[in-house]
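The lines below spell out each chain.
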Amino acid sequence: MDKIMEEKKRNEAYAKYVQAKIPKTKAWPSLFNSFLVGGIICCIGQGINDLILLWFPNMAEQSAWAYTLIVLIFIASFLTGIGVYDKIGKFAGGGSIVPITGFSNSITSPALEFKHEGVIYGICVKMFTIAGPVIVVGVVASFLVGVVYLFI
Amino acid sequence: MYYLWVFLIGGFICMLGQVLIIYTNITSARILVTFVIIGVLLQAFGIFDPISEFARAGINVPIIGFGASLAKGAISGAQSKGLLGAFTGGLEATAGGIAAAIFFAFVFSLIFKSKTKS
């Protein structure tokens, strides 16, 4: 009985210690940074979209958006490769995660990190540690929405 | 002038993500999943397109746009091809982005070395 109590006490003390050690992000500056960087990334996306429509005026709007996202994904993947995106991420927090560039980063980053475990078990498997759940949830939710629309 | 809207709305959505990080210590996978679901729901209730009209990249570039186009594909698939369309539509609409993300991640992870280990 004493042993259990002791263990409980120790766990509580450890939880307190962990709480104290977690780096506290200052709320206001980080909110501002995420707003700024997120807004800039969206503006870059808008710029790419405008350029595509300028060069290919006949392109359908949806294809133009698809190309825009692909260009952004390319840029983010490259920046992750050369290690710049992580630096942006440290500064911007949510501003670098929420845009589609964050999705791209979440695929490239673990692939790069686990490269040493081999191409199949390193790159190909670890690629989906974050993107996997995103795709699974997205597909399941959108299928359910599609089914609902079958009946209305 | 619409760049101002793009900046304000895009920035605001990203700031919501940061709010989640600060107050719930949420991981980035959960943030992405949350915003994808928000996008699916916005599209399901037909709210996404009116916002997209003036927000443009401000809502299409955040991962909400990814969720919305998943749902949009599934809805239009269901309406044109029935149940099969509900299965195929979502991934069909987003295949470009997913394939690009996988392809570039594969190529760049072969080319570059991890910076965190050095």
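Residues numbered from 1 in each chain as written. Chains lettered and ligands numbered in written order. Predicted model: local features only at pLDDT ≥ 70, side-chain atom pairs only at ≥ 80, totals over all residues.

A. Representation of the overall build of chain B. A count of helical and extended segments in chain B gives six helices and zero strands. Tracing chain B from N to C terminus, the helices and strands come up as α-α-α-α-α-α. With the C-alpha coordinates of chain B rotated into their principal frame, the extents come out at 55 × 35 × 35 Å. When each of the 118 residues of chain B is scored for burial, the buried share is 53%. Taking contacts inside chain B between residues at least 6 apart in sequence as the whole, the part at least 24 apart equals 61%. (Helix = DSSP H or I, 4+ residues; strand = E, 2+ residues; numbered from the N terminus. Buried ≥ 20, exposed ≤ 12 C-beta atoms within 10 Å, placed from the backbone. Contact = placed C-beta atoms within 7 Å.)

B. Representation of the nonpolar core. In this structure, Ile-73 and Phe-103 of chain A together with Leu-32, Ile-63 and Ala-101 of chain B are the most contacted members of the largest nonpolar core, which totals 72 residues. Considering each element in turn, this core owes the most residues, nine residues, to helix H5 (residues 63-81) of chain B. Excluding residues within four positions of it along the chain, Ala-101 of chain B makes contact with Ile-73, Phe-103, Ser-104, Ile-107 and Ala-131 of chain A. (Core = buried A, V, L, I, M, F, W, Y, C linked by C-beta atoms within 7 Å.)

C. Main features of the interface of chain B and chain A. Contacts between chain B and chain A engage 65 residues on the former and 62 residues on the latter. Among the elements of the structure, helix H1 (2-24), helix H2 (28-44), helix H4 (57-60), H5 and helix H6 (83-111) of chain B are those that each provide at least two residues to the side of chain B that touches chain A. It is H6 of chain B that contributes the most residues to the side of chain B that touches chain A, 19 residues altogether. Taken together, the residues that form the side of chain B that touches chain A break down as 44 nonpolar, 19 polar and two charged. (Nonpolar A, V, L, I, M, F, W, Y, C, P; charged D, E, K, R; others polar.)

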